[in-house]
Amino acid sequence: MSHFIAQPKQGVPFVSVQAMAKLINSLGVENVLLDLTNKLETDFARWTEFDKSPRYAAHSPEGVIELMPVSDGQMFSCKYVNGHPKNTFRELQTVAAFGILADVDSGYPVMISEMCLLTALRTAATSAMVAKYLAPKNSTTLTLIGNGAQSEFQALAFKAVLGITHIRLYDIDKSASKKAFANLSACGLNVTICNSVQEAVKGADIITTCTADKTNATILTNDMIPQGVHINAIGGDCPGKTELDARLLERANVFVEYEPQTRIEGEIQQMSPSFTVTEFHNVINKQSLGRTSQDELTIFDGVGFASEDFTALVFIRDELIKTGEFALLDLITQQADPRNLFSVLSDQPLVKEHVA
């Protein structure tokens with residue numbers, strides 16, 4: 001944040017969940033998704049400027065905890081995020097996340113933010129950005145397989161960016177579909193709850209899979225999907241978790257964010273190392289083709305990449321600069337002499353001398 005970097009001893013701007021919700025509502029969810037889509041496209045076009053690596057992941061029987069760092073040489077970002085499907089049975093979020101944006105020149109944090117809402121927004125905007133290049137022309141119908149926390153954001157991103165008008169829902173937990181139906185019906189969309197995957201995919205131009213169970217599942221089988229469809233496969237995010245029949249991948253042109261990470265975590269973990277995929281930045285930069293015909297089957301094997309979080313955090317930073325509405329965290333010591341760290345202790349009136 002430009003005015004903050006000049007005065008780093010003010011404290012670190014912090015965006016709480018409440019502050020994020022207020023900001024997004026003031027801008028409008030669909031406006032945010034449109035803006036984020038455009039900013040993601042701009043950052044994917046400068047892909048080579050980012051210092052990239054697969055995310056660090058600590059796996060356990062119940063889920064995964066991940067760190068996602070990236071830098072463009074001027075700013076650094078890192079997100080903490082988990083994925084614990086059983087959390088819903090404990091009335092906890094499946095995904096909990098927060099992120100940090102820092103100034104590379106000084107190393108000082110520029111902003112700390114919640115990233116539950118922000119991750120949902122950037123994931124949906126990334127899906128829509130990719131679909132601009134890969135979905136059939138004049139698409140109107142989106143099927144959402146898995147109607148959890150991400151579903152409404154996906155639907156609104158495709159509505160805002162591609163003009164989708166019809167949503168078909170399916171989830172093994174019908175209450176999730178009813179929740180999504182209620183939320184989306186109020187957003188000017190024609191929404192239908194379906195009783196099976198087979199019913200849900202009928203007539204779809206775009207199919208999003210976003211299920212939570214961390215297993216090698218086959219949500220979409222080869223015989224369900226005709227040519228001419230775009231599959232937005234975003235549920236895969238760790239080794240041992242897939243949603244698509246491998247034969248679908250063999251039929252399709254497959255696009256990924258960062259191939260070294262997707263080989264570990266995405267649908268293509270099912271395939272041989274020689275299986276051909278296209279990193280999406282090459283499409284934006286016109287080094288590779290996107291969809292080439294209306295009867296082509298395309299798949300976006302999206303696992304989420306750190307540069308997308310970077311884009312989202314910078315977007316929020318820029319909005320905060322305009323509004324000036326944020327809390328300040330007393331996160332970094334602010335003593336007059338930066339070499340005298342001990343003075344921070346001696347300046348505290350409540351610090352008591354230790355008596356042996």
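Looking at an unreviewed UniProt entry, the protein chain carries the name Ornithine cyclodeaminase, with the source organism given as Pseudoalteromonas distincta.

Attention now goes to the pattern of salt bridges. Opposite charge on two side chains permits pairing when their charged atoms draw close. Tallying each qualifying case throughout the model produces 17 salt bridges. Arg-122 serves as the salt-bridge partner of Glu-308, at 3.3 Å between the closest nitrogen and oxygen. A residue pair is termed long-range when its members are at least 10 positions apart, and Glu-308 in helix H11 (residues 306-323) and Arg-122 in helix H4 (residues 116-134) qualify at 186 residues. We note that Glu-308, like Arg-122, is buried.

It is worth spelling out helix H3 (residues 29-45) at this point. If you check H3, its first and last C-alpha atoms are 24 Å apart, about what 17 residues at 1.5 Å a residue would give, namely 24 Å. Within the span of H3, buried status applies to Val-32, Leu-33, Leu-36, Thr-37, Leu-40, Glu-41, Asp-43 and Phe-44. When H3 is viewed along its axis, its buried side chains cluster within an angular range of 170° and face the same direction. Check the buried side of H3 and you find it contacts helix H2 (17-27), H4, helix H5 (151-162), helix H10 (281-284) and H11.

Quick look at the sheet that holds strand S8 (residues 166-170) now. Picture the strands of a sheet paired through backbone hydrogen bonds; they go either parallel or antiparallel. Taken in spatial order, the eight strands of this open sheet run S9-S8-S7-S10-S12-S16-S14-S15, and their pairing is parallel. The open sheet has two free edges, formed respectively by strand S9 (190-193) and strand S15 (278-279), since each of these has just one partner strand. Where strand S14 (residues 253-256) and strand S16 (residues 298-301) come together, four bridges link them in parallel fashion. Looking across to S16, one finds that Val-254 is bridged to Ile-299. Packing of H5 onto the sheet brings it into contact with strand S7 (141-145), S8, strand S10 (206-209) and strand S12 (230-233), and relative to S7 it is tilted by some 165°. Lying over the sheet, helix H6 (residues 174-185) contacts S8 and S9, oriented at roughly 170° with respect to S9.

A word on the side chain of Gln-154. With respect to the secondary-structure elements, Gln-154 resides in helix H5. What makes Gln-154 buried here is its relative accessible area of 1%. Side chain to side chain, Gln-154 and Asn-232 meet in a polar contact 3.0 Å long. When near neighbours in sequence (up to four residues on either side) are disregarded, Gln-154 contacts Thr-123, Ala-124, Ser-127, Leu-142, Leu-144, Thr-208, Asn-232 and Ile-234.

It is worth spelling out the confidence of the model for the protein chain at this point. Fine structural detail should not be taken from predicted coordinates in areas where pLDDT scores are low. For the protein chain, per-residue confidence averages 92 on the pLDDT scale, and residues scoring 70 or more make up 95% of the total. Counting contacts from residues 350-356, a segment whose pLDDT is below 50, to residues more than four positions away or on other chains yields one contact.

So, on to the state of the cysteines. By the definition in use, this model includes zero disulfides. The closest cysteine sulfur to the non-disulfide-bonded Cys-78 is located on Cys-116, 15 Å from its own sulfur. Here Cys-116 stays unpaired: no disulfide links it, and the sulfur of Cys-210, its closest cysteine neighbor, is 14 Å away.

This next bit is on the pairing of strand S6 (residues 109-114). Put simply, side chains in a regular strand alternate between the two faces of the sheet. A large share of S6 lies buried, amounting to six of its six residues. Relative to S6, strand S1 (residues 12-15) is paired through two bridges, and the arrangement is parallel. By the bridge assignment, Val-15 is partnered in S6 with Ser-113. Connecting the antiparallel pair strand S5 (residues 97-103) and S6 is a turn made up of five residues, with Gly-107 showing a positive phi of about 80°.

This paragraph deals with the nonpolar core. Soluble globular proteins tend to pack their nonpolar side chains together in the buried interior. Ranked by size, the top nonpolar core spans 61 residues in total, and within it Ile-167, Leu-184, Phe-280 and Ile-316 carry the most contacts. It is H4 that provides the largest number of residues to this core, a total of ten residues. When residues of this core are assigned to domains, at least three map to each of domain 1 (8-117 + 307-345) and domain 2 (135-304). With sequence-adjacent residues up to four places away left out, Leu-184 is seen in contact with Glu-152, Ala-155, Leu-156, Ile-167, Leu-169, Leu-189 and Val-191. Within the second largest apolar cluster, 27 residues are counted, among which are Ile-219, Ala-233, Leu-248 and Met-271.

Right, let's get into the pairing of S7. Judged by how many residues are buried, S7 sits mostly within the fold: five of five residues are covered. In S7, alternate side chains face the same way, and those of Thr-141, Thr-143 and Ile-145 on one face and Leu-142 and Leu-144 on the other are all buried. Strand direction decides the pairing type here: S7 and S8, joined by five bridges, are parallel. From the neighbouring strand, Leu-144 faces S8, where its bridge partner is Leu-169. You can see the chain leave S7, run along H5 and come back into S8, and the turn it takes is right-handed. Examined bridge by bridge, S7 and S10 share four bridges and lie parallel to one another. In the sheet register, Leu-142 faces S10, and the bridge partner there is Ile-206.

Turning next to the packing of H2 against H4. The N-to-C vectors of H2 and H4 enclose an angle of 40°; their axes lie 9 Å apart at closest approach. Classed by the angle they form, the pair H2 and H4 counts as oblique. Across from Val-17, Met-20, Ala-21 and Ile-24 in H2, the residues of H4 making contact are Leu-117, Leu-118 and Leu-121. Among the residues making up the contact of H2 with H4, the classes are represented as seven nonpolar, no polar and no charged.

Per the domain assignment, the segments making up the protein chain are domain 1 (8-117 + 307-345) and domain 2 (135-304). Using C-alpha coordinates to define each centre, domain 1 is positioned 26 Å away from domain 2. Each side of the interface is counted separately: domain 1 has 22 residues, and domain 2 has 23 residues. Counting the surface domain 1 buries against domain 2, the share from its top three residues, Glu-30, Trp-47 and Arg-55, is 27%. For the pair domain 1 and domain 2, the number of links is two salt bridges.

Basis of the calculations
- Residues numbered from 1 in each chain as written.
- Predicted model: local features only at pLDDT ≥ 70, side-chain atom pairs only at ≥ 80, totals over all residues.
- Heavy atoms only, no water.
- Salt bridge = Lys/Arg side-chain N within 4 Å of Asp/Glu carboxyl O.
- Helix = DSSP H or I, 4+ residues; strand = E, 2+ residues; numbered from the N terminus.
- Buried < 20%, exposed > 50% of the residue type's maximum accessible area, 1.4 Å probe, protein only.
- Expected span 1.5 Å × (residues − 1).
- Arc of directions from axis to C-beta.
- Contact = heavy atoms within 4.5 Å.
- Pairing = 2+ DSSP bridges.
- Axes fitted to C-alpha atoms, helices over the stretch in contact; angles between N-to-C directions.
- Polar contact = N/O pair within 3.5 Å; in protein donor to acceptor, adjacent residues only side chain to side chain.
- pLDDT = per-residue confidence, 0-100.
- Disulfide = S-S within 2.5 Å.
- Core = buried A, V, L, I, M, F, W, Y, C linked by side-chain atoms within 4.5 Å.
- Domains from an automatic or database assignment.
- Right-handed = clockwise from strand over helix to strand, strands pointing away.
- Parallel < 35°, antiparallel > 145°, perpendicular 65-115°, else oblique.
- Nonpolar A, V, L, I, M, F, W, Y, C, P; charged D, E, K, R; others polar.
- Buried area = accessible area lost by both parts, 1.4 Å probe.

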